[in-house]
Amino acid sequence: MELFKDIAIVLTPFLVASLGFILNRRLASLKTNTDFEVGLKAEHYKAEVEYYKNKLIYFFNPLIACIEFDNAIWKSLSMLSDSEDVFSENLSTEVEKSHLLSNLITARDLVRGNLHYVHMDSDLYRVLIEFIRHVSVYESIRTSDEECNPIDVGAPFPSKLEEIVKKEYKETINRYEIT
């Protein structure tokens, strides 16, 4: 029994030192993992901020500008508005071809190029697809000899486009400011 006691006395410092070494390495490993996780979270945060910034700068801001331009001009065109306060037929045709249609084509191309920012099951996605259809039909009609408007062939301008785009814009700004 005395032999075991002597062995225990001799080995105890080595066992304690070994256990201390193992625990110290484990704690260092945990600290490294924690540093890695903090760094990973920081990178994720940066990527998220960059995503929202790009979504606003390259998608929503120019799209809203196109929508505002469209709102400002289309009611003045004789062939597209029932209002009495419209441009002459010749001026309406020129403004439509030179400005309104090219603005809508720009907006459509902008939507196509940035649709990855939109969830496929959202109201925004559905209204943007309607918008793409409207502009494509509108462009086709104006390059053909047809005497009609997109609404006449089942491709009206999506009435909720501006409302839904601005709602998503505000939500994106709120998410961007929170992150």
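As the structure is a computational prediction, the values presented were derived from the model and not from experiment. Residue positions are counted from 1 within each chain, in the order its sequence is given. Two thresholds apply to this predicted model, a pLDDT of at least 70 for residue-level local features and 80 or more for giving and counting side-chain atom pairs, whereas whole-chain, interface and lining totals are computed over all residues. To get the side-chain values, take all heavy atoms of the structure and skip hydrogens and water.

S.K.: Got a minute to help me understand the pattern of salt bridges in this structure?
M.R.: Two side chains carrying opposite charge are able to pair once their charged atoms lie near each other. Here, a salt bridge means any Lys or Arg side-chain nitrogen found within 4 Å of an Asp or Glu carboxyl oxygen. Within the structure shown, the criterion is met by 12 salt bridges. K166 serves as the salt-bridge partner of E162, at 2.9 Å between the closest nitrogen and oxygen. Taken together, the residues E162 and K166, both in helix α4 (residues 161-178) and 4 residues apart, mark about one turn of the helix. Each of the salt bridges in this network shares a partner with another, and the network as a whole consists of K55, K167, E168, E171 and R175. Strands here mean DSSP runs of E at least two residues long; helices mean DSSP runs of H or I at least four residues long; both are numbered from the N terminus.

S.K.: What am I meant to see in the environment of T143 here?
M.R.: Along the chain, the position of T143 falls in helix α3 (residues 123-143). T143 sits in the exposed class, given a relative accessible area of 67%. Each C-alpha atom of the pair T143 and K97 lies 9.7 Å from the other, and the pair is 46 residues apart in sequence. Nitrogen and oxygen atoms within 3.5 Å of one another constitute a polar contact, given that in protein one can donate a hydrogen and the other can accept it, and given that sequence-neighbouring residues count only through two side-chain atoms. A polar side-chain atom of T143 sits 3.1 Å from the main-chain carbonyl oxygen of S140. We call a residue buried when its accessible area falls under 20% of the maximum for its residue type, exposed when it is over 50%, and partly exposed in between, using a 1.4 Å probe and counting protein chains only.

S.K.: Teacher, can you tell me more about the environment of N114 here?
M.R.: Relative to the assigned elements, N114 resides in helix α2 (residues 89-114). When the C-alpha positions of N114 and K55 are compared, they lie 8.1 Å apart, and in sequence the two are 59 residues distant. Note on definitions: a residue-residue contact is assigned when non-hydrogen atoms from the two residues lie within 4.5 Å. Setting aside residues no more than four positions away along its own chain, N114 makes contact with Y58 and F59. Among the polar contacts listed, one links the side chain of N114 to the backbone oxygen of L110, at a separation of 2.9 Å.

S.K.: What's the story with the nonpolar core in this structure? I'm lost.
M.R.: Here is a general trend for soluble globular proteins: nonpolar side chains tend to be buried in one another's company. Ranked by internal contacts, the top residues of the largest apolar core, which has 31 residues, are F59, L63, V111, L124, L128 and V165. When neighbours within four sequence positions are excluded, L124 is seen to be in contact with F60, V118, I164, V165 and E168. Working definition of a nonpolar core: buried Ala, Val, Leu, Ile, Met, Phe, Trp, Tyr and Cys residues. They are joined through side-chain atoms within 4.5 Å.

S.K.: For this particular structure, what's the right way to read the packing of aromatic side chains?
M.R.: The relative placement of two aromatic rings is captured by the distance of their centres and the angle of their planes. Pairs were defined over the aromatic rings of Phe, Tyr and Trp, the Trp ring being its six-membered one, requiring ring centres within 6.5 Å. Orientation was assigned from the angle between planes: stacked under 30 degrees, edge-to-face over 60, tilted for the rest. As enumerated under the stated definition, the model contains 6 aromatic pairs in all. Ring geometry for F59 versus Y117: centroids 6.2 Å apart, planes at 20°, classification stacked. Of this pair, F59 sits in helix α1 (residues 2-73) while Y117 sits in the loop between α2 and α3, and the two are 58 residues apart along the sequence. One exposure class covers both F59 and Y117, and it is buried.

S.K.: Hey, could you run me through the packing of α3 against α4 in this one?
M.R.: The description of two helices packed together rests on the angle between their axes and the distance between the axes. Here, axes are lines fitted to C-alpha atoms. For helices the fit covers the stretch in contact, and angles between N-to-C directions go from 0 to 180 degrees. It is at 10 Å that the axes of α3 and α4 come closest, and there the two elements cross at 140°. Here α4 runs oblique to α3, going by the angle between their axes. In the crossing of α3 with α4, the sense of the turn from one axis to the other is left-handed. Of α4, the residues touching α3 (which contributes D123, L124, V127, L128 and F131) are L161, I164, V165 and E168. Looking at side-chain class alone, the contact of α3 with α4 contains 7 nonpolar, no polar and 2 charged residues. Should an angle fall under 35 degrees it is called roughly parallel, over 145 degrees roughly antiparallel, and 65 to 115 degrees roughly perpendicular, with every other angle called oblique. In a left-handed crossing the near helix is turned counterclockwise from the far helix by less than a right angle, and in a right-handed crossing that turn is clockwise. Gly is put with the polar residues, along with every residue not named as nonpolar or charged; the nonpolar set is Ala, Val, Leu, Ile, Met, Phe, Trp, Tyr, Cys and Pro, and the charged set is Asp, Glu, Lys and Arg.

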